[in-house]
Amino acid sequence: MGLPRMREPLRYNAFSTYLRERFGKRIRKIPLDAGFGCPHRNGPGGRQGPGCTYCSNDAFSPSSRPEPPPLEEQIAAGIRRGRRRCNAQGFIAYFQAFSNTYGPVPILRERYDVIRRFPEIRALAVGTRPDCVDGAVLDFLESYCAEYEVWIEYGLQSASEETLLRIRRGHTVAAFLETIEKTARKPNLKICVHVILGLPGEGHAEMTATARLLAGLPVHGVKIHHCHVIRGTPLAEEYLRGEVQPMACSTYVSCVCDFLELLPWQITVQRLVGEAPEELLLAPRWDRTKAQVLEDIQTELVRRESRQGARGPGVSYQGSGFRPSHPDPKTQSLRK
Ligand code: SF4
């Protein structure tokens, strides 16, 4: 019998490692649906927004989005599940569904304060759009920092203004930078940014430009997804007309590695591959599981004798040339 194979240390700064070191115990996220909408879909005053081209309409129709169970029930079930499946000893309440800052502060407080009933909750993570926060919301989120580690997760998806227009993100890169700059003035808030690789019209240059932008910003985490084509979306129509070609798995693995090599090591990597419900996923249909794709990414970094940050510019926020832009007029109107 041969010697057991030594496990190669991960070549990227995995969020799970960060959590273990930060809290000294096993921490798991509990994804929550607090019943918020999205200003890019259901605008103020009932205005219907266009939504992003990859976003499922169905998710917003009352028939396919039933009322979520009370938050207290969702959290209690998440704690039971985390304890049973992986012996978790602490939890992050992850307000995940849609834009979780889309509402007046008293409503946000009412929903977020549910976490106070659970001493097992150690941190709070809030997913939202960069054009859906203002000073009052940031002050509100900061008020939780005395008791919890607080993460705010902004969807950017791409650093290309052209791509954001094409996918109808409804905000600009400039608006995102403005929000990062405002959030960074609250040093207790941690920032995570979501990006998508393989968006329509994007090639290697655009994807690495997104990595280079993040590398120079005061962000603490990144979630990287591959571009999914979900049935019934405008993106699915583009795909069916042959205008969009999703990435092959091997290309994605290579792009992720290129992306990671440009990211400073201190940025935690919170996701490396997207997930979509099997029945809704039109493309790409990879014959690799999520675990296998993660393994492929690690294997590729080992093969390259590389790691996260290996080719990074090594710039700090101050030296990155990042300048907040002028306020984006669209951002202003959504804040109202
Ligand atoms: S911001 Fe999110 S929820 Fe809103 S339209 Fe885009 S993908 Fe859908």
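Quick caveat: nothing in here was measured; it's all calculated off a predicted structure. (Residues numbered from 1 in each chain as written. Predicted model: local features only at pLDDT ≥ 70, side-chain atom pairs only at ≥ 80, totals over all residues.)

Asks: With reference to specific residues and values, describe the packing of helix H9 (residues 249-262) against helix H10 (residues 290-303).
Replies: For the pair H9 and H10, interaxial distance at closest approach is 9 Å and the crossing angle is 55°. As summarised for this structure, H9 and H10 are arranged oblique, according to the angle between their axes. At the point where H9 passes H10, the crossing takes the right-handed sense. Where H9 approaches H10, its residues Cys-249, Val-253, Ser-254, Val-256 and Cys-257 are matched on the opposing element by Val-293, Asp-296, Ile-297, Glu-300 and Leu-301. Residues that form the contact of H9 with H10 fall into these classes: seven nonpolar, one polar and two charged. (Axes fitted to C-alpha atoms, helices over the stretch in contact; angles between N-to-C directions. Helix = DSSP H or I, 4+ residues; strand = E, 2+ residues; numbered from the N terminus. Parallel < 35°, antiparallel > 145°, perpendicular 65-115°, else oblique. Left-handed = near helix turned anticlockwise from the far one by under 90°. Contact = placed C-beta atoms within 7 Å. Nonpolar A, V, L, I, M, F, W, Y, C, P; charged D, E, K, R; others polar.)

Asks: Let's hear about the site of the ligand: which residues, and what values?
Replies: Within the structure, the ligand sits among Cys-38, His-40, Arg-41, Gly-51, Cys-52, Cys-55, Phe-98, Arg-129 and Gly-155. Among the residues forming the shell around the ligand, the class breakdown is four nonpolar, three polar and two charged. (Near = placed C-beta within 6 Å.)

Asks: Tell me about the nonpolar core, and please be specific about residues and values.
Replies: Membership of the largest hydrophobic core comes to 87 residues, with the highest contact counts inside it found for Ala-93, Leu-197, Val-222, Val-256 and Phe-259. Looking at this core element by element, the count peaks at eight residues for H9. If sequence neighbours within four positions are ignored, Phe-259 has contacts with Leu-197, Met-207, Thr-208, Ala-211 and Ile-224. (Core = buried A, V, L, I, M, F, W, Y, C linked by C-beta atoms within 7 Å. Buried ≥ 20, exposed ≤ 12 C-beta atoms within 10 Å, placed from the backbone.)

Asks: Pulling in residues and values, what's your account of the pairing of strand E3 (residues 121-128)?
Replies: Most of E3 sits out of view: eight of its eight residues are buried. Note: E3 against strand E4 (residues 149-157), six bridges, orientation parallel. Following the sheet pairing, Ala-123 is matched in E4 by Glu-149. The β-α-β motif built from E3, the intervening helix H4 (residues 135-142) and the parallel element E4 has right-handed crossover chirality. (Pairing = 2+ DSSP bridges. Right-handed = clockwise from strand over helix to strand, strands pointing away.)

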